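# Reading the structure
This is what each chain is made of:
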Amino acid sequence: LLGAGPSPERLGLRRPWRVAAGAATGMAVASKWSGGLFVIAAIVLALAWEVAARRRSSEPRALLGALRAEGPSIVVALVLVPMAVYAISYTGRLHGPTSTCERADGSWTNQILQHQRCMFDFHHNLEANHSYQSQPWSWLALKRPGSYYFDTAPNGDYKEVLAAGSPFVWWTSALALLFVAFRWMRRRDFAAPEGAILAGFAFAYLPWLVLSSNRPAVFLFYLLPAVPFMCLALGYVASRIGESWEARTATALFGLGAVGLFAFYYPLLADVSLPQKQWDKRIWVFDQCDRPEPSRSILTDTTGGRTRTRTIVQTGENGDL
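About the thresholds
- Residues numbered from 1 in each chain as written.
- Predicted model: local features only at pLDDT ≥ 70, side-chain atom pairs only at ≥ 80, totals over all residues.
- Heavy atoms only, no water.
- Helix = DSSP H or I, 4+ residues; strand = E, 2+ residues; numbered from the N terminus.
- Buried < 20%, exposed > 50% of the residue type's maximum accessible area, 1.4 Å probe, protein only.
- Contact = heavy atoms within 4.5 Å.
- Pairing = 2+ DSSP bridges.
- 1 Å grid on protein atoms, 1.4 Å probe; cavity = no way out; pocket = protein on both sides within 12 Å on 5 of 7 lines; lining within 4 Å.
- Points joined across faces, edges and corners; volume = space filled by probe spheres on them.
- Nonpolar A, V, L, I, M, F, W, Y, C, P; charged D, E, K, R; others polar.
- Expected span 1.5 Å × (residues − 1).
- Bend = angle between axes of the 7 residues up to and from the residue.
- Phe/Tyr/Trp six-rings, centres within 6.5 Å; stacked < 30°, edge-to-face > 60°.
- Patch = residues over 30% accessible without salt bridge, like charges linked within 9 Å, V, L, I, M, F, W, Y side chains within 5 Å.
- Areas by Shrake-Rupley, 256 points an atom, 1.4 Å probe, with all protein chains shown as cover.
- Salt bridge = Lys/Arg side-chain N within 4 Å of Asp/Glu carboxyl O.
- Polar contact = N/O pair within 3.5 Å; in protein donor to acceptor, adjacent residues only side chain to side chain.
- Core = buried A, V, L, I, M, F, W, Y, C linked by side-chain atoms within 4.5 Å.
- Axes fitted to C-alpha atoms, helices over the stretch in contact; angles between N-to-C directions.
- Parallel < 35°, antiparallel > 145°, perpendicular 65-115°, else oblique.

## Overview of the overall build of the protein
- Within the protein one finds 10 helices and 4 strands.
- If you list the helices and strands of the protein from N to C, you get α-α-α-α-α-β-β-α-α-α-α-α-β-β.
- Burial status across the protein gives 32% buried among its 321 residues.
- Of all intrachain contacts in the protein linking residues separated by at least 6 positions in sequence, the fraction that spans at least 24 positions is 60%.

## Quick look at the pairing of strand 2 (residues 158–163)
- Bridging between strand 1 (residues 146–152) and strand 2 involves 6 bridges; their strand directions are antiparallel. Bridging from a neighbouring strand, Ser 147 pairs with Leu 162 of strand 2.
- In this structure, the hairpin formed by strand 1 and strand 2 is closed by a connection of 5 residues, where Gly 156 is found at a positive phi of approximately 95°.

## Things to note about the layout of surface pockets
- Within this model, the largest pocket holds a volume of roughly 710 Å³.
- Taken together, 21 residues make up the lining of the largest pocket; nearest its centre are Trp 33, Ser 34, His 123, Trp 208 and Arg 215.
- If you list the elements that add at least two residues to the lining of the largest pocket, you get helix 2 (16–31), helix 5 (108–124) and helix 7 (193–211).
- When the residues that make up the lining of the largest pocket are grouped by side-chain class, the tally is 12 nonpolar, 7 polar and 2 charged.

## Quick look at helix 4 (residues 62–88)
- Between its first and last C-alpha atoms helix 4 spans 36 Å; for 27 residues at 1.5 Å apiece the expected length is 39 Å, and the two agree.
- At Glu 70, helix 4 shows its largest bend, some 60°, and a proline, Pro 72, comes one to four positions later.
- Of all the residues in helix 4, the buried ones are Ala 62, Gly 65, Ala 66, Glu 70, Gly 71, Ser 73, Ile 74, Ala 77, Leu 78, Val 81, Pro 82 and Tyr 86.

## Notes on the packing of aromatic side chains
- Enumeration according to the criterion identifies 17 aromatic pairs in this entry.
- Look at Trp 139 and Tyr 205: their rings are 6.1 Å apart centre to centre, the planes differ by 50°, and that puts the pair in the tilted class. Remark: Tyr 205 occurs in helix 7 and Trp 139 occurs in the loop between helix 5 and strand 1; sequence separation between them is 66 residues.
- Under the relative-accessibility criterion, Trp 139 is labelled buried at 0%.
- A relative accessible area of 8% places Tyr 205 in the buried class.

## Details of a nonpolar patch on the surface
- A grouping of Trp 137, Leu 206, Leu 209 and Val 210 is seen on the molecular surface, where their side chains present a nonpolar patch of about 440 Å² in accessible area.
- Of note, Trp 137 is situated in the loop between helix 5 and strand 1.

## A few points about unusual backbone geometry
- Even without being a glycine, Arg 61 presents a positive backbone phi close to 50°.
- For Arg 61, the position within the fold is in the loop between helix 3 (36–56) and helix 4.
- Phi at Leu 142 is positive, roughly 60°, even though this residue is not glycine.
- Assignment of secondary structure puts Leu 142 in the loop between helix 5 and strand 1.
- Of the residues examined, Leu 142 reaches a relative accessible area of 0% and is grouped as buried.

## As for the environment of Arg 282
- By the secondary structure assignment, Arg 282 is in helix 10 (residues 276–283).
- Assessed through its relative accessible area of 9%, Arg 282 is described here as buried.
- In this structure, Arg 282 is in contact with Phe 264, Tyr 265, Pro 267, Leu 268 and Leu 274, ignoring residues within four places of it in sequence.
- A distance of 2.5 Å separates a polar atom in the side chain of Arg 282 from the backbone oxygen of Phe 264.

## A short note on the nonpolar core
- Membership of the largest hydrophobic core comes to 40 residues, with the highest contact counts inside it found for Trp 139, Trp 170, Phe 201, Leu 223 and Met 230.
- Mapped onto this core, the elements with two or more residues apiece are strand 2, helix 6 (167–187), helix 7, helix 8 (227–240), helix 9 (245–269) and helix 10.
- Of all the elements, helix 8 adds the most residues to this core, at 6 residues.
- Core analysis: the second largest hydrophobic core is formed by 7 residues, Val 29, Val 39, Leu 94 and Trp 108 among them.

## Things to note about the side chain of Ser 138
- Along the polypeptide, Ser 138 turns up in the loop between helix 5 and strand 1.
- A polar contact of 2.7 Å, which involves the side chain of Ser 138, links it to the backbone oxygen of Gln 135.

## Quick notes on the packing of helix 2 against helix 3
- Two numbers describe how helix 2 lies on helix 3: the axes approach to 8 Å, and their chain directions differ by 160°. Between helix 2 and helix 3, the angle is such that the two are roughly antiparallel. Mapping the contact onto sequence places Arg 18, Thr 25 and Val 29 in helix 2 and Gly 36, Phe 38, Val 39, Ala 42, Ala 46 and Glu 50 in helix 3.
- Of the residues in the contact of helix 2 with helix 3, the class split is 5 nonpolar, 2 polar and 2 charged.

## A few points about the environment of Ala 191
- Structurally, the position occupied by Ala 191 is in the loop between helix 6 and helix 7.
- Take Ala 191: its relative accessible area is 31%, and that puts it in the partly exposed class.
- Distance from Ala 191 to Ala 48, taken between C-alpha atoms, is 7.1 Å for residues 143 residues apart in sequence.
- The contact partners of Ala 191, leaving out residues within four places of it in the chain, are Trp 49, Ala 52 and Arg 56.

So this is what it looks like as C-alpha coordinates:
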(Lines give C-alpha, C1' and ligand atoms only; values in the text may rest on other atoms or scores of the structure.)
Protein backbone atom coordinates (compact mmCIF):
# COMPACT_ATOMS: atom_id res chain seq x y z
CA LEU A 1 0.00 0.00 0.00
CA LEU A 2 2.91 2.38 0.60
CA GLY A 3 3.70 2.39 -3.11
CA ALA A 4 0.11 2.55 -4.33
CA GLY A 5 0.07 6.26 -5.17
CA PRO A 6 -0.58 7.65 -8.63
CA SER A 7 1.89 6.32 -11.18
CA PRO A 8 4.09 8.70 -13.20
CA GLU A 9 2.10 7.67 -16.27
CA ARG A 10 -1.18 8.76 -14.69
CA LEU A 11 0.32 12.09 -13.68
CA GLY A 12 1.04 12.98 -17.28
CA LEU A 13 4.70 12.02 -17.72
CA ARG A 14 3.74 9.69 -20.57
CA ARG A 15 2.03 12.64 -22.27
CA PRO A 16 4.88 15.14 -22.76
CA TRP A 17 2.90 17.14 -25.32
CA ARG A 18 0.08 17.56 -22.84
CA VAL A 19 2.59 18.96 -20.34
CA ALA A 20 4.00 21.23 -23.06
CA ALA A 21 0.49 22.45 -23.80
CA GLY A 22 0.02 23.22 -20.11
CA ALA A 23 3.26 25.20 -20.04
CA ALA A 24 2.23 27.12 -23.16
CA THR A 25 -1.18 28.01 -21.73
CA GLY A 26 0.49 29.09 -18.50
CA MET A 27 2.67 31.49 -20.49
CA ALA A 28 -0.43 32.72 -22.30
CA VAL A 29 -2.10 33.58 -18.98
CA ALA A 30 1.12 35.26 -17.80
CA SER A 31 0.98 37.47 -20.90
CA LYS A 32 -2.71 38.35 -20.55
CA TRP A 33 -5.43 36.96 -18.33
CA SER A 34 -7.60 36.16 -21.33
CA GLY A 35 -5.10 33.37 -22.02
CA GLY A 36 -7.02 31.50 -19.34
CA LEU A 37 -9.65 30.82 -22.00
CA PHE A 38 -7.12 28.54 -23.68
CA VAL A 39 -6.53 26.68 -20.43
CA ILE A 40 -10.21 25.77 -20.48
CA ALA A 41 -10.04 24.96 -24.20
CA ALA A 42 -7.09 22.62 -23.67
CA ILE A 43 -8.89 20.76 -20.88
CA VAL A 44 -12.06 20.41 -22.94
CA LEU A 45 -10.18 19.21 -26.02
CA ALA A 46 -8.02 16.74 -24.10
CA LEU A 47 -11.08 15.21 -22.47
CA ALA A 48 -13.06 15.21 -25.74
CA TRP A 49 -10.26 13.40 -27.56
CA GLU A 50 -10.04 10.76 -24.83
CA VAL A 51 -13.80 10.21 -24.95
CA ALA A 52 -13.70 9.93 -28.75
CA ALA A 53 -10.92 7.32 -28.59
CA ARG A 54 -12.95 5.21 -26.16
CA ARG A 55 -16.08 5.48 -28.24
CA ARG A 56 -14.20 4.26 -31.30
CA SER A 57 -13.17 1.17 -29.34
CA SER A 58 -16.80 0.72 -28.16
CA GLU A 59 -15.84 1.18 -24.54
CA PRO A 60 -18.93 1.57 -22.31
CA ARG A 61 -19.22 4.77 -20.26
CA ALA A 62 -16.55 6.49 -22.29
CA LEU A 63 -16.70 9.75 -20.34
CA LEU A 64 -16.36 8.05 -16.96
CA GLY A 65 -13.52 5.91 -18.25
CA ALA A 66 -11.72 8.95 -19.63
CA LEU A 67 -12.05 10.80 -16.33
CA ARG A 68 -10.72 7.86 -14.36
CA ALA A 69 -7.80 7.12 -16.66
CA GLU A 70 -6.79 10.61 -17.74
CA GLY A 71 -8.21 12.86 -15.03
CA PRO A 72 -5.01 12.98 -12.92
CA SER A 73 -2.87 13.62 -16.00
CA ILE A 74 -5.16 16.43 -17.19
CA VAL A 75 -5.19 18.06 -13.75
CA VAL A 76 -1.40 17.95 -13.46
CA ALA A 77 -0.56 18.95 -17.02
CA LEU A 78 -3.36 21.44 -17.75
CA VAL A 79 -4.11 22.89 -14.31
CA LEU A 80 -1.08 22.63 -12.02
CA VAL A 81 1.57 23.19 -14.70
CA PRO A 82 -0.10 26.42 -15.98
CA MET A 83 -0.42 27.65 -12.40
CA ALA A 84 3.27 26.94 -11.75
CA VAL A 85 4.37 28.64 -14.97
CA TYR A 86 2.20 31.65 -14.15
CA ALA A 87 3.73 31.95 -10.68
CA ILE A 88 7.27 31.53 -12.03
CA SER A 89 6.65 34.40 -14.45
CA TYR A 90 6.75 36.75 -11.44
CA THR A 91 10.39 35.86 -10.76
CA GLY A 92 12.34 39.09 -10.58
CA ARG A 93 9.19 41.17 -10.33
CA LEU A 94 8.24 40.44 -6.73
CA HIS A 95 10.64 39.96 -3.85
CA GLY A 96 10.25 38.32 -0.50
CA PRO A 97 10.75 35.01 1.31
CA THR A 98 8.91 32.06 -0.24
CA SER A 99 9.07 29.89 2.87
CA THR A 100 6.95 32.13 5.10
CA CYS A 101 3.21 31.87 5.65
CA GLU A 102 0.92 33.14 2.92
CA ARG A 103 -0.53 35.80 5.23
CA ALA A 104 2.83 37.05 6.48
CA ASP A 105 3.56 40.61 5.45
CA GLY A 106 6.18 40.82 2.74
CA SER A 107 6.04 37.14 1.81
CA TRP A 108 6.32 36.34 -1.89
CA THR A 109 3.04 34.42 -1.83
CA ASN A 110 1.22 37.29 -0.14
CA GLN A 111 2.57 39.75 -2.69
CA ILE A 112 1.49 37.67 -5.67
CA LEU A 113 -2.01 37.24 -4.23
CA GLN A 114 -2.29 40.96 -3.56
CA HIS A 115 -1.17 41.63 -7.11
CA GLN A 116 -3.95 39.41 -8.48
CA ARG A 117 -6.54 41.22 -6.33
CA CYS A 118 -5.34 44.61 -7.59
CA MET A 119 -5.54 43.51 -11.22
CA PHE A 120 -9.00 42.02 -10.74
CA ASP A 121 -10.27 45.17 -9.02
CA PHE A 122 -8.90 47.33 -11.84
CA HIS A 123 -10.67 45.37 -14.58
CA HIS A 124 -13.83 44.81 -12.57
CA ASN A 125 -14.26 48.50 -11.77
CA LEU A 126 -13.02 49.88 -15.09
CA GLU A 127 -15.36 52.58 -16.42
CA ALA A 128 -13.10 54.41 -18.87
CA ASN A 129 -13.95 54.72 -22.55
CA HIS A 130 -11.47 54.85 -25.40
CA SER A 131 -11.57 56.29 -28.88
CA TYR A 132 -10.73 52.97 -30.51
CA GLN A 133 -12.86 50.60 -28.47
CA SER A 134 -15.28 48.40 -30.41
CA GLN A 135 -17.95 45.79 -29.77
CA PRO A 136 -16.95 42.13 -30.21
CA TRP A 137 -19.72 41.48 -32.73
CA SER A 138 -17.95 43.89 -35.10
CA TRP A 139 -14.45 42.40 -34.86
CA LEU A 140 -14.71 39.90 -37.71
CA ALA A 141 -16.07 42.66 -39.93
CA LEU A 142 -13.07 44.88 -39.04
CA LYS A 143 -15.41 47.75 -38.27
CA ARG A 144 -13.15 49.61 -35.84
CA PRO A 145 -9.37 48.95 -35.85
CA GLY A 146 -7.11 50.77 -33.43
CA SER A 147 -4.37 53.20 -34.38
CA TYR A 148 -1.15 52.78 -32.43
CA TYR A 149 0.51 55.75 -34.10
CA PHE A 150 -0.50 58.55 -36.45
CA ASP A 151 1.45 61.55 -37.71
CA THR A 152 1.42 64.00 -40.57
CA ALA A 153 4.68 64.44 -42.47
CA PRO A 154 5.93 67.95 -43.40
CA ASN A 155 4.77 67.41 -46.99
CA GLY A 156 1.24 66.53 -45.82
CA ASP A 157 1.56 62.75 -46.17
CA TYR A 158 0.03 60.51 -43.53
CA LYS A 159 2.04 58.00 -41.50
CA GLU A 160 0.30 55.40 -39.38
CA VAL A 161 0.60 52.11 -37.55
CA LEU A 162 -2.89 50.62 -37.71
CA ALA A 163 -3.96 47.49 -35.82
CA ALA A 164 -6.09 45.88 -38.51
CA GLY A 165 -6.36 42.53 -40.21
CA SER A 166 -6.65 41.81 -43.90
CA PRO A 167 -10.29 42.19 -45.00
CA PHE A 168 -9.74 39.53 -47.68
CA VAL A 169 -8.48 36.95 -45.18
CA TRP A 170 -10.76 37.81 -42.26
CA TRP A 171 -14.00 37.98 -44.23
CA THR A 172 -13.37 34.76 -46.14
CA SER A 173 -12.34 33.02 -42.91
CA ALA A 174 -15.82 33.68 -41.54
CA LEU A 175 -17.25 31.73 -44.47
CA ALA A 176 -14.62 29.04 -43.97
CA LEU A 177 -15.61 28.68 -40.30
CA LEU A 178 -19.21 28.14 -41.35
CA PHE A 179 -18.07 25.37 -43.71
CA VAL A 180 -15.98 23.79 -40.93
CA ALA A 181 -18.99 23.91 -38.60
CA PHE A 182 -21.17 22.28 -41.26
CA ARG A 183 -18.64 19.49 -41.74
CA TRP A 184 -18.35 18.93 -38.00
CA MET A 185 -22.13 18.76 -37.58
CA ARG A 186 -22.23 16.01 -40.18
CA ARG A 187 -19.44 13.97 -38.58
CA ARG A 188 -19.91 14.73 -34.87
CA ASP A 189 -16.42 13.37 -34.22
CA PHE A 190 -14.72 14.98 -31.25
CA ALA A 191 -11.30 13.84 -32.50
CA ALA A 192 -11.77 15.31 -35.98
CA PRO A 193 -9.75 18.41 -36.97
CA GLU A 194 -12.96 20.39 -37.39
CA GLY A 195 -13.57 20.18 -33.66
CA ALA A 196 -10.15 21.56 -32.77
CA ILE A 197 -10.54 24.47 -35.19
CA LEU A 198 -14.00 25.36 -33.95
CA ALA A 199 -13.07 24.97 -30.29
CA GLY A 200 -9.98 27.16 -30.63
CA PHE A 201 -11.94 29.90 -32.36
CA ALA A 202 -14.93 29.63 -30.03
CA PHE A 203 -12.91 29.83 -26.81
CA ALA A 204 -10.84 32.75 -28.14
CA TYR A 205 -13.78 34.82 -29.39
CA LEU A 206 -17.24 33.89 -28.09
CA PRO A 207 -16.57 34.61 -24.37
CA TRP A 208 -15.92 38.26 -25.27
CA LEU A 209 -19.53 38.59 -26.39
CA VAL A 210 -20.41 38.09 -22.70
CA LEU A 211 -17.37 39.62 -20.99
CA SER A 212 -17.71 42.88 -22.90
CA SER A 213 -21.12 43.52 -21.31
CA ASN A 214 -19.36 44.47 -18.04
CA ARG A 215 -16.32 46.18 -19.55
CA PRO A 216 -16.36 49.24 -21.82
CA ALA A 217 -12.77 49.23 -23.11
CA VAL A 218 -12.52 46.25 -25.46
CA PHE A 219 -10.62 46.37 -28.73
CA LEU A 220 -10.25 44.62 -32.05
CA PHE A 221 -6.84 43.22 -31.13
CA TYR A 222 -8.50 41.05 -28.48
CA LEU A 223 -9.43 38.79 -31.41
CA LEU A 224 -5.78 38.08 -32.28
CA PRO A 225 -5.65 34.70 -30.44
CA ALA A 226 -8.48 33.52 -32.71
CA VAL A 227 -6.72 34.48 -35.95
CA PRO A 228 -4.63 31.25 -36.19
CA PHE A 229 -7.85 29.22 -36.05
CA MET A 230 -9.42 31.47 -38.68
CA CYS A 231 -6.44 30.70 -40.93
CA LEU A 232 -6.69 26.99 -40.08
CA ALA A 233 -10.29 27.12 -41.26
CA LEU A 234 -9.12 28.54 -44.57
CA GLY A 235 -6.47 25.83 -44.82
CA TYR A 236 -9.10 23.20 -44.04
CA VAL A 237 -11.27 24.44 -46.91
CA ALA A 238 -8.27 24.39 -49.25
CA SER A 239 -7.59 20.77 -48.28
CA ARG A 240 -11.20 19.76 -48.93
CA ILE A 241 -11.94 21.34 -52.30
CA GLY A 242 -10.05 18.60 -54.12
CA GLU A 243 -6.90 17.94 -56.10
CA SER A 244 -8.14 19.01 -59.53
CA TRP A 245 -6.35 21.73 -61.46
CA GLU A 246 -9.34 24.00 -60.84
CA ALA A 247 -9.03 23.49 -57.09
CA ARG A 248 -5.28 24.06 -57.13
CA THR A 249 -5.73 27.18 -59.24
CA ALA A 250 -8.35 28.54 -56.84
CA THR A 251 -6.05 27.94 -53.87
CA ALA A 252 -3.12 29.61 -55.65
CA LEU A 253 -5.24 32.62 -56.61
CA PHE A 254 -6.43 32.97 -53.02
CA GLY A 255 -2.84 32.93 -51.79
CA LEU A 256 -1.81 35.53 -54.34
CA GLY A 257 -4.78 37.69 -53.34
CA ALA A 258 -3.83 37.47 -49.66
CA VAL A 259 -0.22 38.41 -50.39
CA GLY A 260 -1.28 41.21 -52.74
CA LEU A 261 -3.67 42.76 -50.25
CA PHE A 262 -1.02 42.57 -47.53
CA ALA A 263 1.32 44.54 -49.79
CA PHE A 264 -1.46 47.05 -50.46
CA TYR A 265 -2.10 47.61 -46.74
CA TYR A 266 1.54 47.41 -45.64
CA PRO A 267 2.04 51.21 -45.52
CA LEU A 268 -0.78 51.48 -42.97
CA LEU A 269 0.85 48.82 -40.82
CA ALA A 270 4.45 50.00 -40.86
CA ASP A 271 4.57 53.81 -40.60
CA VAL A 272 5.18 54.34 -44.32
CA SER A 273 4.35 57.80 -45.70
CA LEU A 274 1.27 57.92 -47.92
CA PRO A 275 -0.39 60.81 -49.74
CA GLN A 276 -3.82 61.46 -48.28
CA LYS A 277 -5.59 60.14 -51.39
CA GLN A 278 -3.70 56.84 -51.16
CA TRP A 279 -4.44 56.66 -47.45
CA ASP A 280 -8.16 57.20 -48.16
CA LYS A 281 -8.14 54.34 -50.68
CA ARG A 282 -6.96 51.96 -47.99
CA ILE A 283 -8.98 53.24 -45.05
CA TRP A 284 -12.45 53.38 -46.63
CA VAL A 285 -13.25 49.79 -45.76
CA PHE A 286 -12.98 50.49 -42.04
CA ASP A 287 -15.64 52.30 -40.04
CA GLN A 288 -14.85 55.69 -38.49
CA CYS A 289 -11.08 55.34 -38.74
CA ASP A 290 -10.40 59.03 -39.13
CA ARG A 291 -8.41 60.62 -36.35
CA PRO A 292 -10.64 60.84 -33.27
CA GLU A 293 -11.78 64.13 -31.86
CA PRO A 294 -9.88 65.21 -28.74
CA SER A 295 -11.41 63.87 -25.55
CA ARG A 296 -11.31 65.87 -22.34
CA SER A 297 -11.24 64.65 -18.77
CA ILE A 298 -11.04 66.52 -15.48
CA LEU A 299 -8.41 65.55 -12.90
CA THR A 300 -8.79 66.87 -9.36
CA ASP A 301 -5.73 66.76 -7.10
CA THR A 302 -5.73 67.73 -3.43
CA THR A 303 -2.26 68.42 -2.04
CA GLY A 304 -1.38 70.28 1.15
CA GLY A 305 -4.98 71.27 1.78
CA ARG A 306 -5.36 72.90 -1.64
CA THR A 307 -7.45 71.50 -4.45
CA ARG A 308 -6.21 71.86 -8.03
CA THR A 309 -8.24 70.98 -11.10
CA ARG A 310 -6.57 70.15 -14.42
CA THR A 311 -8.13 69.42 -17.80
CA ILE A 312 -6.40 66.65 -19.75
CA VAL A 313 -6.86 66.58 -23.51
CA GLN A 314 -6.12 63.38 -25.36
CA THR A 315 -5.64 64.07 -29.05
CA GLY A 316 -5.62 60.46 -30.20
CA GLU A 317 -2.40 61.01 -32.13
CA ASN A 318 0.60 59.12 -30.80
CA GLY A 319 -1.28 58.78 -27.52
CA ASP A 320 -0.23 62.33 -26.69
CA LEU A 321 -1.89 64.19 -23.82
